[in-house]
Amino acid sequence: MSFISSAASTLHQAALTRISIDQLTLNQEFTLEEAYQIQHQVIEHRLSQGHQLIGVKMGFTSEAKMKQMGVSDMIIGMLTSDMLHTNGGTMSLSEFIHPRVEPEICFILNDDINEVLDENEVKSKVSGIAAAIEIIDSRYKNFKFSLSDVVADNCSSAALVVGIISEDVNNPLNNNKIQLNINGEAVETGSSADILGNPWKALAAATRLAKQYNIPLKKGMYVMAGAATSAYFAEIEQEISADVEGLESVFFRVNH
Ligand code: OOG
Ligand code: MG
């Protein structure tokens, strides 16, 4: 088996068994291109289990996230149907290794996108905007990774909860307060401006990275713009919610 295939099946198994693994780059260096090839194969494993591709997520689009994780470049990962959880529902901690939660903004595409678009051009490709919570769960021990490691691990993608979708697609999202709450108390606060200056730019960046790495952007898909704040560990019995000014709040509960 090639390094790419064996890395992909190791990462897929780690996600299934919820047993974390050593960073791949501890044993072998690999390029970002190879990391995206591994990510594609990780997704192939999920699709072969009957799940569908439902969107993409951007990572490290804010200063806070880059600092927290010690990396300095944007990344893109893929979201599958099994990752989508209901707004207001519950999630079991046992589904994960060491989940962290992040407040995000999610765009819904009204068309397939095959070209690279700028922040103004992307606006005509969106049918809705929602507040969302992303649950990331690195398959690596202690959430420690290099950029290639995290890309291979599908950018730590594990789950997402999308709030009620607003059809006001002219929302400039200039400087909307974003807050992550645990049991009603704010634990992280930021602004939509913390996402590359404006989350529409994250959507534009998604069109560029999707094209570069052969990731489909289809009508109806979600595009997560990346966290505005640091991520926060989820624990049992917590109610976790995210507020984005001008959008409906989104929440879920964590149980055993
Ligand atoms: C990688 C995922 C980054 C974001 O919103 O910046 C990400 C990680 O931090 O484990 O989802
Ligand atoms: Mg995220």
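Scroll up a little and you will see the structure.
Values in this document were obtained by computation on a predicted structure and should not be read as measured data.

Cut-offs used in this document
Residues numbered from 1 in each chain as written. Chains lettered and ligands numbered in written order. Predicted model: local features only at pLDDT ≥ 70, side-chain atom pairs only at ≥ 80, totals over all residues. Heavy atoms only, no water. Pairing = 2+ DSSP bridges. Helix = DSSP H or I, 4+ residues; strand = E, 2+ residues; numbered from the N terminus. Axes fitted to C-alpha atoms, helices over the stretch in contact; angles between N-to-C directions. Salt bridge = Lys/Arg side-chain N within 4 Å of Asp/Glu carboxyl O. Buried < 20%, exposed > 50% of the residue type's maximum accessible area, 1.4 Å probe, protein only. Polar contact = N/O pair within 3.5 Å; in protein donor to acceptor, adjacent residues only side chain to side chain. Contact = heavy atoms within 4.5 Å. Core = buried A, V, L, I, M, F, W, Y, C linked by side-chain atoms within 4.5 Å. Expected span 1.5 Å × (residues − 1). Arc of directions from axis to C-beta. Donors = N, O, S within 2.8 Å, 3.2 Å for Na, K, Ca; no water. Near = heavy atom within 4 Å. Areas by Shrake-Rupley, 256 points an atom, 1.4 Å probe, with all protein chains shown as cover. Nonpolar A, V, L, I, M, F, W, Y, C, P; charged D, E, K, R; others polar. Patch = residues over 30% accessible without salt bridge, like charges linked within 9 Å, V, L, I, M, F, W, Y side chains within 5 Å. Lys, Arg positive; Asp, Glu negative; His and termini not counted. Charge placed at Lys NZ, Arg CZ, Asp CG, Glu CD.

Peer 1: Outline the sheet that holds strand 4 (residues 90-92), listing residues and values.
Peer 2: The mixed open sheet is built from five strands, whose spatial order is 4-13-12-8-9. With one partner strand each, in any of the chains shown, strand 4 and strand 9 (185-191) form the two edges of the open sheet. On average, adjacent strands in this sheet sit at an angle of 20° to one another, irrespective of strand direction. Across four bridges, the pairing between strand 12 (residues 239-244) and strand 13 (residues 250-255) is antiparallel. Looking at strand 13, one finds that I240 is bridged to F252.

Peer 1: An account of the pattern of salt bridges is needed here, citing residue identities and associated values.
Peer 2: According to the stated counting rule, one finds seven salt bridges in the structure shown. Between R46 and D82 there is a salt bridge, with the nearest N and O atoms lying 2.5 Å from each other. Here R46 is found in helix 2 (residues 32-48), whereas its partner D82 is found in the loop between strand 2 (75-80) and strand 3 (84-85), with 36 residues between them in sequence. R139 is the salt-bridge partner of D153, the closest N and O atoms lying 2.7 Å from each other. You can see D153 sitting in the loop between helix 4 (147-152) and strand 7 (157-162) and its partner R139 sitting in the loop between strand 6 (126-136) and helix 4, a full 14 residues away along the chain.

Peer 1: An account of the side chain of K57 is needed here, citing residue identities and associated values.
Peer 2: You can see K57 is positioned in strand 1 (residues 53-59). Of the residues examined, K57 reaches a relative accessible area of 3% and is grouped as buried. A distance of 2.6 Å separates the side chain of K57 from the backbone oxygen of C155, its partner in a polar contact. In this view, K57 contacts I75, I76, G77, L79, E134, I136, C155, S157 and M224; residues no more than four positions away in its chain are not counted.

Peer 1: Residue-level account of the nonpolar core, with values.
Peer 2: By size, the foremost hydrophobic cluster in this structure holds 77 residues, and its most contacted members are I38, I76, F107, I135, I240 and F252. In this structure, I135 is in contact with M91, F96, P99, R100, V101, S156, S157, A158, A159, L160, V161 and F252, ignoring residues within four places of it in sequence.

Peer 1: I'd love a proper account of the environment of N110, names of residues and values included.
Peer 2: Along the chain, N110 falls in the loop between strand 5 (100-109) and strand 6. Owing to a relative accessible area of 29%, N110 belongs among the partly exposed residues under this scheme. The contacts of N110, once residues within four sequence positions are left out, are S124, K125, V126, S127 and K219. Within polar-contact distance, the side chain of N110 engages the backbone oxygen of S124 at 3.1 Å.

Peer 1: Account for helix 1 (residues 3-17), naming residues and giving values.
Peer 2: In this model helix 1 runs 21 Å from its N-terminal to its C-terminal C-alpha over 15 residues, within 8% of the 21 Å that 1.5 Å per residue would give. For helix 1, every residue scored as buried is listed here: I4, A7, A8, L11, H12, A14 and A15. Burial along helix 1 is one-sided: seen end-on, the buried residues are contained in an arc of 155°. Of the residues one or two after helix 1, R18 is the one with positive phi, at around 60°.

Peer 1: Residue-level account of the coordination of the magnesium ion (ligand 2), with values.
Peer 2: Note on the magnesium ion (ligand 2): its protein donors are E102 (OE), E104 (OE) and E134 (OE). The metal-donor distances range over 2.0 to 2.1 Å. In the primary structure, the donors to the magnesium ion (ligand 2) are separated according to the pattern E-x1-E-x29-E. Taken as a pair, E102 in strand 5 and E134 in strand 6 lie far apart in primary sequence, 32 residues in all. Residue E102 is classed as buried on the basis of its relative accessible area of 3%. With relative accessibility at 1%, the residue E134 sits in the buried group.

Peer 1: How would you sum up the site of ligand 1? Please name residues and give values.
Peer 2: Neighbouring ligand 1 are 17 residues, the closest being K57, F60, K65, S156 and A227. Between an oxygen atom of ligand 1 and a side-chain N or O atom of K57, the distance comes to 2.7 Å. The side chain of E102 places a nitrogen or oxygen atom 3.0 Å from an oxygen atom of ligand 1. Look at ligand 1: alone it shows 320 Å² of surface, and the protein chains cover 100% of it. At the level of secondary structure, the elements contributing two or more residues to the shell around ligand 1 comprise strand 1, helix 3 (63-69), strand 5 and strand 6. Top contributing element to the shell around ligand 1 by residue count: strand 1, with three residues. When its residues are assigned to classes, the shell around ligand 1 shows nine nonpolar, three polar and five charged.

Peer 1: Describe a negative patch on the surface, with residues and values.
Peer 2: Taken together, the side chains of E115, D118, E119 and E121 make up a negatively charged region of the molecular surface. Turning to its location among the elements, D118 is positioned in the loop between strand 5 and strand 6.

It is worth stressing that arrangement in space is one thing and function is another; only the former is reported here.
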